[in-house]
Amino acid sequence: MNIDLNNITITFDYKSDEVYDIKRCLENLYQTSEGTCPLDREFGINTEFLGMPIDVAKNLFAVEITQKTDRYEPRVTVKEINFEMTFDGQLKAEVIITNG
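Residues numbered from 1 in each chain as written. Predicted model: local features only at pLDDT ≥ 70, side-chain atom pairs only at ≥ 80, totals over all residues. Heavy atoms only, no water.

## Section: the overall build of the protein chain
Consideration 1: For the protein chain, the helix and strand inventory stands at two helices and four strands.
Consideration 2: Mapped in sequence order, the helices and strands of the protein chain form the string β-β-α-α-β-β.
Consideration 3: Over its C-alpha atoms the protein chain spans a radius of gyration of 13 Å, differing by no more than 12% from the 13 Å that the globule rule assigns to 100 residues.
Consideration 4: With the principal axes as the frame, the protein chain shows a C-alpha extent of 40 × 30 × 20 Å.
Consideration 5: Considering the protein chain as a whole, with its 100 residues, one finds that 34% of them fall into the buried category.
Consideration 6: When contacts within the protein chain are restricted to residue pairs at least 6 apart in sequence, long-range pairs at least 24 apart make up 52% of them. (Helix = DSSP H or I, 4+ residues; strand = E, 2+ residues; numbered from the N terminus. Rg over C-alpha atoms; globule rule 2.2 N^0.38 Å. Buried < 20%, exposed > 50% of the residue type's maximum accessible area, 1.4 Å probe, protein only. Contact = heavy atoms within 4.5 Å.)

Below you can see the structure in the form of structure tokens.
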């Protein structure tokens with residue numbers, strides 16, 4: 001199993017003038033691997049769950065997305081995360097965001 005952090009889909013269940021800015025901020029957060037930001041080593045997504053059983057990996061990934069969104073983007077809340085396994089073994093995620 002592999003997760004491409006660049007292909008996390010972000011969907012909003014509301015409309016606002018801030019949606020574009022929030023989406024840009026979340027994409028930056030979700031596409032960064034934890035430990036690679038020099039002044040904030042916790043910024044980004046921890047992917048230590050890769051290689052674990054699929055159900056465990058999905059749960060740990062959902063917890064990671066939810067916690068990091070709460071910490072770094074307080075304007076919104078994660079409402080739901082949907083997963084899809086592609087034919088080539090990649091796990092794709094759709095993160096549905098609601099206003100905080």
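## Digging into the pattern of salt bridges
Consideration 1: For the coordinates displayed, the defined rule picks out eight salt bridges.
Consideration 2: Here aspartate 13 makes a salt bridge to lysine 79, at a shortest N to O gap of 3.1 Å. A residue pair is termed long-range when its members are at least 10 positions apart, and aspartate 13 in the loop between strand 2 (9-12) and helix 1 (19-30) and lysine 79 in strand 3 (residues 76-85) qualify at 66 residues.
Consideration 3: The salt bridge involving arginine 24 is made with aspartate 21; its shortest N-O contact spans 2.4 Å. Taken together, the positions of arginine 24 and aspartate 21, both in helix 1 and three residues apart, correspond to about one turn of that helix.
Consideration 4: Overall, the relative accessible area of 46% leaves arginine 24 in the partly exposed class.
Consideration 5: Taken together, the salt bridges that share partners define one network made up of Glu18, Asp21, Arg24, Glu73 and Arg75. (Salt bridge = Lys/Arg side-chain N within 4 Å of Asp/Glu carboxyl O.)

Everything listed here is a matter of geometry and, on its own, says nothing about what the molecule does.
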